[in-house]
Protein chains: 2
Amino acid sequence: MPYSDKYWQKEEILPRRELEEIQLKRLKWVAKHAYENVPFYRKAFKEKGVHPDDIRTLDDVARLPFTNKNHLIENYPFGLFAVPKDEIVRIHTSSGTTGKPKVVGYTARDLENWINLCARCLYMVGIRKKDVFQNMVSYTLFTGGLGFHYAAERIGAMVVPSGTGNTKRQIQFMLDFGTTAIHCTPSYALHIKEVAESMNIDPSEIGLRIGCFGAEPWSESLRRKLEDSFGLKAYDSYGLSEMNGPGVAFECEEQNGLHIWIDHYLVEVVDPESGEVLSEGEKGELVLTPLTKEALPLIRYRTGDITYIMDDECSCGRTHPKIHRILGRTDDMLIVRGINIFPSQIEHVLMKIPEVGDSYQIVLTKRGALDEMTVRVEVKDEFFTGELADLERLKKKIENALREELGIRVNVELVEKGTLERFEGKAKRILDLRR
Amino acid sequence: MPYSDKYWQKEEILPRRELEEIQLKRLKWVAKHAYENVPFYRKAFKEKGVHPDDIRTLDDVARLPFTNKNHLIENYPFGLFAVPKDEIVRIHTSSGTTGKPKVVGYTARDLENWINLCARCLYMVGIRKKDVFQNMVSYTLFTGGLGFHYAAERIGAMVVPSGTGNTKRQIQFMLDFGTTAIHCTPSYALHIKEVAESMNIDPSEIGLRIGCFGAEPWSESLRRKLEDSFGLKAYDSYGLSEMNGPGVAFECEEQNGLHIWIDHYLVEVVDPESGEVLSEGEKGELVLTPLTKEALPLIRYRTGDITYIMDDECSCGRTHPKIHRILGRTDDMLIVRGINIFPSQIEHVLMKIPEVGDSYQIVLTKRGALDEMTVRVEVKDEFFTGELADLERLKKKIENALREELGIRVNVELVEKGTLERFEGKAKRILDLRR
Ligand SMILES: [Zn+2]
Ligand SMILES: [Zn+2]
């Protein structure tokens, strides 16, 4: 079933020129497909004065209109679908806690493509038939669960579809089933570490080899912490339900950037304000055009994720470019005293300081007209000595490190381990009280 | 993909003789497979003085040892697996709220068989490519979710993997997505009806055509209530994770007994006490031997479910025998003043009385040495007049109907609609306070 010992599909190592030929052919197809079958796109193309036949090179993608999440919501539930309802075999939705959710659909062929893209990722980091893959994310409407579930099963690993919650039982299953690979959010992995320790289990003795972590931004320092605690290799996973789900981009064993599968997703990075296309290496908003999606061909979809393209040759042999791990979201980006700050920058600083524990919170307030940023930081037990002078020194040290990274003054408040809220899914670390 | 307009697989209508030839061949295989690869079975066969080669006819199954759920638990997690761990691609577990759960495993071929058995069931009741199938049961470790999920997807229906909970959103999805078929527990279907009514939505206008209801025993009267409320056809689904999950037996459009797929499951009904094999039509415990399971070949598995075999020709053309809907569980069976009572008998009586609402509870207590049974019954709003004489009359009417069915005196306590607890999964209707 796999193409080779090292690659799940041969497309992973096609020469770039061949990949680009495939991209151009598919871009023409998807533009035509959207134009002919989705009234929204016919209108949008016409408003931009562009026609699918105008696409002659890959750069012509920049002539096409953007799509954003509001377009999905305005066309709830099926208004952007490009095939008859009969052809849809699955739908997923965003959580949509307020108002209408985003609904995405799949044909049987879409699912098949998606499974293989996810399998490319898991196979790339070494997951094989012999592995036990414990999938600790939501199943049902969230794409993260079923996406990797099908892929790990396709590879032939033993899939433990344990879902979220009941951390003690998750740890017991890991021990009893001989789990070697896990999939969850990085914050949940940290939580598992803490719970294991509270059960007097050394996380490094669980036997995990591989951690696939996604659905929220995380830092290099957190990676090191997870790798050191569990004795595993931790990989960053990137995807979004509008592009099928997980399996859009994933780190290879180099752990330096995520290969993005350009035979299925055309990649652009644009200026979030102007929408202008940026060059390799320039930070901006990731814009993706799925090239093979039959059910939901979203043209130039604004992901809201900030990254940049790293197009070096990779030692793993894959010819697909890489993107940098997500730096933040256009809508998570904090503007504090006029300066753009991503929470991941703060996490990065904190995780480098040995006294800092596993959790932190960013609190934004106003003092008069001025923004105030306070970072509440848990201190490891062994450093929480109760000696006021020690704590004062640590506080200053963190404040200095943050000012250096961010370029603004930040208040630090030290708290005891276990004070801050824990999250089983995506962590909510920002408390913005300015409005 | 389907064999015909009417049948998912041609095995559904093979002449009985051919089915029996397949059964015998497979029984020999599975006995040998278990004997050769599972030390537990080698020992159990030897203790019974039987060898796989002794199987010459289907009746010889009675010479083999029984398996029960304790054997699974004692061999936690993988002690009864008959293939190397590498070959397992999925595991599921029972909820195991106390102590160790039952763990079941699947090879890729087991999954393929399971998907097709579930697809046979859904296709049998008319679910097709054009349908929208909302799967309102737990995913992850419970087999009910993923089992029918894969099958409905295989048929090509639009699967809405909405899982449990958030009933208002479930109803909104039904309306927005045009859901035509649902899968849930019968008690949850009743709950949906109540919630829809509280939202001023007439359940019959949702547009549901087909309801697949399983995971708990229910009555003919509840079927009528659900069919009348939603304007759908309601079908009984039977399965258990030890036999893959759902897809063991399912009603056809006749709604008179569940076809049980004997090319994959050898069926016996035994006396729960003596273990003696009973004849067609005799009530007893269902005992199943999966004939094709590679990962977990459970020989003569004691399901704990009470039913009987109905082996008449069926107008649907399927040649597989039927079992009566489950009458109760050997361990749910209530012994009250020495009389065997199944909760389903009580439900059956209640649902025939027009004044009775959607919920009830059975409370068992002791008065001195004697068992006392009280049934708490919700009365529909329009009959809860506050006129004491009316309520007293209704109470007597229900008490008489119950005494007639059960043969013992029962106290009835009438309560207002909404008083008793609602259940999103399996209903827990029995409160045994005798010990
Ligand atoms: Zn690489
Ligand atoms: Zn029939």
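An unreviewed UniProt entry lists chain A under the name AMP-dependent synthetase and ligase, from Archaeoglobus profundus. According to UniProt, the comment filed for chain A under the heading Subunit (unreviewed entry) is "Monomer." You can read under Pathway (unreviewed entry) in the UniProt record for chain A the words "Aromatic compound metabolism."

(A) Structural view of the relation of the copies chain B and chain A. Each copy of the sequence occupies a distinct position, and chain B is placed on chain A by a rotation of 180° and an axial shift of 0.0 Å, giving an RMSD of 0.0 Å. Classification of the inter-copy transformation places it as that of a two-fold axis. Identified as the residue of chain B closest to the rotation axis by C-alpha distance is Tyr-139 of chain B, at 3.2 Å. Mapped onto chain A, 100% of the interface residues of chain B again fall at the interface, so both copies present the same surface.

(B) Quick peek at the coordination of the zinc ion (ligand 2). Residues and elements named next belong to chain B. The protein atoms that coordinate the zinc ion (ligand 2) are Cys-252 (SG), His-259 (NE2), Cys-314 (SG) and Cys-316 (SG), at distances of 2.1 to 2.3 Å. Every donor counted, the four donor atoms about the zinc ion (ligand 2) form angles of 99 to 120° at the centre, which fits tetrahedral coordination. Each donor residue of the zinc ion (ligand 2) belongs to the same chain, and together they define the spacing C-x6-H-x54-C-x1-C. Residue His-259 is found in strand S9 (residues 258–260), and its partner Cys-316 is found in the loop between strand S13 (309–310) and strand S14 (322–323); the two are separated by 57 residues along the sequence. Both residues of the pair, His-259 and Cys-316, belong to the buried class.

(C) Here's a closer look at the domain arrangement of chain A. Residues and elements named next belong to chain A. The assigned domain composition of chain A is domain 1 (1–331) and domain 2 (334–432). Summing the contributions of domain 1 and of domain 2, the shared interface buries around 1,600 Å²; its carbon and sulfur component is 50%. The three residues of domain 1 that bury the most area against domain 2 are Glu-194, Ser-221 and Lys-225, which together make up 27% of that side's buried surface. Residue Asp-358 pairs with Lys-193 through a salt bridge whose shortest N-O separation is 3.3 Å.

(D) Structural detail: the environment of Thr-140 of chain B. With respect to the helices, strands and loops of the structure, Thr-140 of chain B is situated in the loop between strand S3 (132–135) and helix H5 (143–155). A relative accessible area of 22% places Thr-140 of chain B in the partly exposed class. For the pair Thr-140 of chain B and Val-125 of chain B, spaced 15 residues apart in the sequence, the C-alpha separation amounts to 26 Å. Excluding residues within four positions of it along the chain, Thr-140 of chain B makes contact with Tyr-139, Pro-161, Ser-162 and Gly-163 of chain A together with His-92 and Leu-146 of chain B.

(E) The arrangement of the interface of chain B and chain A in detail. Taken together, the contact between chain B and chain A spans 39 residues of the former and 39 residues of the latter. Here chain B meets chain A over a buried area of about 3,200 Å², counting both sides, of which 62% is carbon and sulfur. Linking chain B with chain A are four salt bridges. Between Glu-153 of chain A and Arg-90 of chain B there is a salt bridge whose closest N-O contact spans 2.7 Å. The set of elements that each furnish at least two residues to the side of chain B that touches chain A consists of strand S1 (88–93), H5, strand S4 (158–160) and helix H6 (167–177) of chain B. Residues of the side of chain B that touches chain A, tallied by class, amount to 21 nonpolar, nine polar and nine charged.

(F) Local environment of unusual backbone geometry. Residue and element names in this part refer to chain A. With an omega of -10°, the peptide bond between Tyr-76 and Pro-77 qualifies as cis. Relative to the elements of secondary structure, Pro-77 occurs in the loop between helix H3 (69–74) and strand S1 (88–93). You will see that Asn-244, though not glycine, has its phi angle at about 85°, which is positive. Mapped onto the fold, Asn-244 is located in the loop between strand S7 (233–240) and strand S8 (245–251). Under the relative-accessibility criterion, Asn-244 is labelled buried at 4%.

(G) Representation of the coordination of the zinc ion (ligand 1) within the structure. All names here are of chain A. Those protein atoms acting as donors to the zinc ion (ligand 1) are Cys-252 (SG), His-259 (NE2), Cys-314 (SG) and Cys-316 (SG), and they sit at 2.1 to 2.4 Å. For the zinc ion (ligand 1), the four donor atoms in the first shell make angles of 100 to 119° at the metal, a pattern classed as tetrahedral. Going along the chain, you hit the donors of the zinc ion (ligand 1) in the pattern C-x6-H-x54-C-x1-C. Here the residue Cys-252 occupies a position in the loop between S8 and strand S9 (258–260), and Cys-316 occupies one in the loop between strand S13 (309–310) and strand S14 (322–323), the gap between them amounting to 64 residues.

(H) Structural detail: helix H10 (residues 388–406) of chain B. All names here are of chain B. When the terminal C-alpha atoms of H10 are compared, their 27 Å separation across 19 residues agrees well with the 27 Å that a helix rising 1.5 Å per residue should span. For H10, every residue scored as buried is listed here: Leu-391, Leu-394, Ile-398, Glu-399, Leu-402 and Leu-406. All buried residues of H10 lie within an arc of 135° about the axis, which places them on one face of the element. Projecting away from the buried face of H10 at angles above 90 degrees are the exposed residues Arg-393 and Glu-404.

(I) A look at the sheet that holds strand S20 (residues 411–416) of chain B. Residues and elements named next belong to chain B. As summarised here, the arrangement of the four strands in space is S20-S19-S18-S21, forming an open sheet in which the pairing is mixed. The open sheet has two edge strands with one neighbour each: S20 and strand S21 (430–432). Mean inter-strand twist for the sheet, computed between neighbouring axes without regard to direction, equals 20°. The pairing of strand S18 (residues 356–367) with strand S19 (residues 370–379) spans nine bridges and is classified as antiparallel. Bridging across to S19, Lys-366 finds its partner in Asp-371. Lying over the sheet, helix H9 (residues 343–351) contacts S18, S19 and S21, oriented at roughly 135° with respect to S18.

(J) The environment of Pro-101 of chain B, seen in detail. Tracing the backbone shows Pro-101 of chain B in the loop between S1 and strand S2 (103–107). Note: C-alpha distance between Pro-101 of chain B and Ile-73 of chain B (28 residues apart in sequence) is 6.5 Å.

Calculation rules
Residues numbered from 1 in each chain as written. Chains lettered and ligands numbered in written order. Predicted model: local features only at pLDDT ≥ 70, side-chain atom pairs only at ≥ 80, totals over all residues. Heavy atoms only, no water. UniProt positions renumbered as here; feature names shortened; annotations may be inferred. Least-squares fit on C-alpha atoms with pLDDT ≥ 70 in both. Contact = heavy atoms within 4.5 Å. Donors = N, O, S within 2.8 Å, 3.2 Å for Na, K, Ca; no water. Tetrahedral: all angles 85-135°; square planar, octahedral: opposite > 155°, others 65-115°. Helix = DSSP H or I, 4+ residues; strand = E, 2+ residues; numbered from the N terminus. Buried < 20%, exposed > 50% of the residue type's maximum accessible area, 1.4 Å probe, protein only. Domains from an automatic or database assignment. Buried area = accessible area lost by both parts, 1.4 Å probe. Salt bridge = Lys/Arg side-chain N within 4 Å of Asp/Glu carboxyl O. Nonpolar A, V, L, I, M, F, W, Y, C, P; charged D, E, K, R; others polar. Expected span 1.5 Å × (residues − 1). Arc of directions from axis to C-beta. Pairing = 2+ DSSP bridges. Axes fitted to C-alpha atoms, helices over the stretch in contact; angles between N-to-C directions.

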